[in-house]
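Read off the chains here:
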Amino acid sequence: MNQFTKKSPVAAGIALLALLGAVPTASAQENYVVAGFDTEEDAFRWSRWWGNAPQAYEFDPSVDAAANANSGSLKAIVDFDLATWAGDNQFAAQGSFLDPTVDGTQYTNLTFQIRWDATSPVTAGGDHGYLEYGLRNSDFTQTWLGGQSIPASAGNTWITINAPIDPATAKLEA
């Protein structure tokens, strides 16, 4: 499950630049769940944002971060090819959700789970590359909330990302 933790109520709608899996998360604060991947419909909202590596997105009911038989995850299939794509051998996913957009200043963090297939290629540094996550703004710019390398040892295990949202960050409301 990918979610924002709210400081106060706010309208729904967001676009994320992250690849997300589903798992329930408990919190004393009010949460806005972007997508739980309980149905195929949640996966239909995801598509290529940028990057030359060919990308396909689909619902995978057989893989769920909480092992919930009634849920699944978003599966991204990316055809990395350094010889063909050189410096743009990368991908970015975007999720399209309902308007109005979310006022990010009303949230404390973005939390999601990600699982990298162990058979995915590794970089010269021995990891699965660098994952950045954030928001796509209404003017199509990006507001990054964080990033980290995905170690090769993390293959086939769920990693929870909990990215704090600094309310002073520019363009959180757009």
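Rules of the game
- Residues numbered from 1 in each chain as written.
- Predicted model: local features only at pLDDT ≥ 70, side-chain atom pairs only at ≥ 80, totals over all residues.
- Heavy atoms only, no water.
- Salt bridge = Lys/Arg side-chain N within 4 Å of Asp/Glu carboxyl O.
- Buried < 20%, exposed > 50% of the residue type's maximum accessible area, 1.4 Å probe, protein only.
- Helix = DSSP H or I, 4+ residues; strand = E, 2+ residues; numbered from the N terminus.
- Pairing = 2+ DSSP bridges.
- Polar contact = N/O pair within 3.5 Å; in protein donor to acceptor, adjacent residues only side chain to side chain.
- Contact = heavy atoms within 4.5 Å.

Asks: How do you make sense of the pattern of salt bridges when you look at a structure like this?
Replies: Between side chains of opposite charge, a pair can form when the charged atoms approach closely. All told, the structure shown has 3 salt bridges when counted by the stated rule. Of the charged contacts in the structure, one is a salt bridge between Arg45 and Asp42, with a shortest N-O distance of 3.5 Å. Given a relative accessible area of 26%, Arg45 falls into the partly exposed group. Measuring nitrogen to oxygen at the nearest pair gives 2.4 Å for the salt bridge that ties Lys171 to Asp139. Placement of Lys171 in the segment after β10 (158-164) and of Asp139 in the loop between β8 (127-136) and β9 (142-151) is noted, with a sequence separation of 32 residues between them. Exposure remark for Lys171: the relative accessible area of 31% places this residue in the partly exposed category. Among the ionic contacts, a cluster of salt bridges with common partners joins Glu41, Asp42 and Arg45.

Asks: Quick question: what am I supposed to make of the pairing of β8 here?
Replies: Consecutive residues of a regular strand have side chains that alternate between opposite faces of the sheet. Most of β8 sits inside the fold, with 7 of its 10 residues counted as buried. In terms of strand pairing, β8 meets β9 through 8 bridges, oriented antiparallel. Among the inter-strand pairings, Glu132 is bridged to a residue of β9, identified as Gly147. The antiparallel hairpin formed by β8 and β9 contains 5 residues in its connecting segment, where Phe140 sits at a positive phi of about 70 degrees.

Asks: What exactly am I supposed to notice about the side chain of Asp42 here?
Replies: Among the structural elements, Asp42 can be located in helix α1 (residues 40-44). Judged by relative accessible area, Asp42 falls into the buried class, the value being 12%. Polar contacts involving the side chain of Asp42 include one to the main-chain amide nitrogen of Phe37, which spans 2.8 Å. Setting aside its immediate chain neighbours within four residues, Asp42 contacts Ala35, Gly36 and Phe37.

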